[in-house]
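# Reading the structure
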Amino acid sequence: MHVDILGSGPPLVLLHGWAMHGGIFAPLVEALRAHRTLHVVDLPGHGHSRGAAVPLRLDDCAAAVLDAVPDAPWCGWSLGGLVALRAATLRPARVPALAMVCATPKFVVADDWPQGMPAAVFHGFANGLHDDWQGTIDRFIALEAFGSDHMREELRLLRDAVLARGAPSPQVLADGLRLLEDGDLRAALPTLAVPSLWLAGRRDRLVNPQAMQAAAALAPGARYVEVEHAGHAPFLTHADTVAAALRTFLDGVPA
């Protein structure tokens, strides 16, 4: 498991989203490195962890990251948020605080979760992987950037980053989509034993901010923050705003 360690101060773990790698957090790292020692993870099958023999399943990923990082708050973006939430429910003593960035306990719509992503959109991505995985990633990235006030800049940053550490295998991409489609950690929220921050992009077209609000309402003492003009990757275009929200939240967490 590859982990970049950057900055100085108390530790913070960063987990990226589907098809990406830890390098996507570069703007946020710059905004936080004077205040936190950042443990920036490449999840199994992604980036410099492409050779990691860890299945892309929630429990396996959470356990592998726990083995690779110190006790610290975790900040997960999108798919990384599911992994972070699972680790916080399994080992709260190791994950004393949780920040969810554009992430929810359940990504896909259900009868009792109307804020989720439409299943047809999700299935379109899964079906597209078989014929054109690069085109599928590009369509996903376009949705990540769509809605942001800085859409062109965000789209450029995402496209530049996605293959910067090599391409994940189509099987890993399929496993990641399956994890997002099947994952449902809502039942863990009412008994979540650590403080949590739920940070949404108001114009996010992949993760509905209302889903994040609903999730935060289920977790004791959770805090919800919305970045007004951001899409699905607010740390790219509003890194200082995201960093400030994280610092305010983490400074209130007992050491």
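Notes on the structure follow. (Residues numbered from 1 in each chain as written. Predicted model: local features only at pLDDT ≥ 70, side-chain atom pairs only at ≥ 80, totals over all residues. Heavy atoms only, no water.)

### Re helix 8 (residues 209-218)
Stated formally: Three labels apply to residues, based on accessible area from a 1.4 Å probe with only protein chains included: buried if under 20% of the type maximum, exposed if over 50%, partly exposed otherwise in between. Only DSSP runs of H or I with at least four residues qualify as helices, and only runs of E with at least two residues qualify as strands; both kinds are numbered from the N terminus onward. Comment: arc refers to directions from the helix axis out to C-beta atoms. In this analysis, two residues are considered to be in contact whenever any of their non-hydrogen atoms come within 4.5 Å of each other. Here a polar contact means two N or O atoms within 3.5 Å. Within protein one must be a hydrogen donor candidate and the other an acceptor candidate, and residues neighboring in sequence count only if both atoms are side-chain atoms.
Taken as a whole, helix 8 has its buried residues at P209, A211, M212, A215 and A216. End-on, the buried residues of helix 8 take up no more than an arc of 155°, which puts them together on one face. Every exposed residue of helix 8 that faces more than 90 degrees away from the buried side is listed here: Q210 and A217. Those residues of helix 8 hidden inside the fold are in contact with strand 5 (98-101), strand 6 (196-201) and strand 7 (223-227). Residue N208 occupies the N-cap position of helix 8, its side-chain oxygen lying 2.8 Å from the main-chain nitrogen of Q210.

### Some details on the nonpolar core
Nonpolar side chains tend toward joint burial in soluble globular proteins. Condition: Note on terminology: a nonpolar core comprises buried Ala, Val, Leu, Ile, Met, Phe, Trp, Tyr and Cys residues joined through side-chain atoms within 4.5 Å.
W18, W74, W77 and F235 are the most contacted members of the largest nonpolar core, which totals 90 residues. Considering each element in turn, this core owes the most residues, 7 residues, to helix 3 (residues 79-90). Look past the residues within four positions of F235 in its chain and what remains in contact with it is I24, F25, P27, L28, W77, V101 and V242.

### Some words on empty space enclosed by the protein
Stated precisely, the cut-off is as follows: Here the term cavity refers to a set of points on a 1 Å grid, laid over the protein atoms alone, in which a 1.4 Å probe fits but cannot get out; the term pocket refers to an open set having protein on both sides within 12 Å along at least five of seven lines, with lining residues being those that place an atom within 4 Å of a point. Grid points are joined across faces, edges and corners, and a volume is the space filled by probe spheres set on the points. In this count, Pro and Cys sit with the nonpolar residues alongside Ala, Val, Leu, Ile, Met, Phe, Trp and Tyr, while Asp, Glu, Lys and Arg are called charged and the others, Gly among them, polar.
This model, assessed by the stated rule, comprises 1 cavity of 30 Å³ or more. Considering only enclosed or pocket space, the largest cavity measures out at about 40 Å³ in volume. Lining the largest cavity, in full, are S78, F107, M117, F122, F140, L180, L206, V207 and H232. Residue composition of the lining of the largest cavity, grouped by class: 7 nonpolar, 2 polar and no charged.

### Points about the pairing of strand 6
Condition: Any two strands between which DSSP finds at least two bridges are classified as paired. Seen with its strands pointing away from the viewer, a crossover is right-handed if its path from the first strand over the helix to the second goes clockwise.
Among the 6 residues in strand 6, 6 count as buried, and that is most of the element. As paired elements, strand 6 and strand 7 share 5 bridges and run parallel to each other. Bridged to L199 within strand 7 is V225. Handedness of the crossover joining strand 6 and strand 7 through helix 8: right-handed.

### With respect to the packing of aromatic side chains
Note the threshold: Pairing of aromatic rings covers Phe, Tyr and Trp, the last counted by its six-membered ring, and requires centre-to-centre distances within 6.5 Å; plane angles under 30 degrees mean stacked, over 60 mean edge-to-face, and any other angle means tilted.
In the structure shown here, the tally under the stated rule is 2 aromatic pairs. Arranged with centres 5.0 Å apart and planes meeting at 45°, the rings of F25 and F235 form a pair that is tilted. Here F25 is found in the loop between strand 2 (11-15) and helix 1 (26-32), whereas its partner F235 is found in helix 9 (residues 234-237), with 210 residues between them in sequence. Like F25, the residue F235 is buried in the burial classification.

### Some points on the packing of helix 5 (residues 133-145) against helix 6 (residues 151-162)
Condition: Note on geometry: axes are lines fitted to C-alpha atoms, helical ones only across the stretch in contact, with angles between N-to-C directions running from 0 to 180 degrees. A clockwise turn of the near helix away from the far one marks a right-handed crossing, whereas an anticlockwise turn of less than a right angle marks a left-handed crossing.
Viewed as axis vectors pointing N to C, helix 5 and helix 6 meet at an angle of 145°, and their least axial separation amounts to 9 Å. Read as a crossing pair, helix 5 and helix 6 show a hand that is right-handed. Contacts between helix 5 and helix 6 involve I137, D138, I141, A142, E144 and A145 from the former and M151, E154, L155, L158, R159 and V162 from the latter. In the contact of helix 5 with helix 6, the residues fall into 8 nonpolar, no polar and 4 charged.

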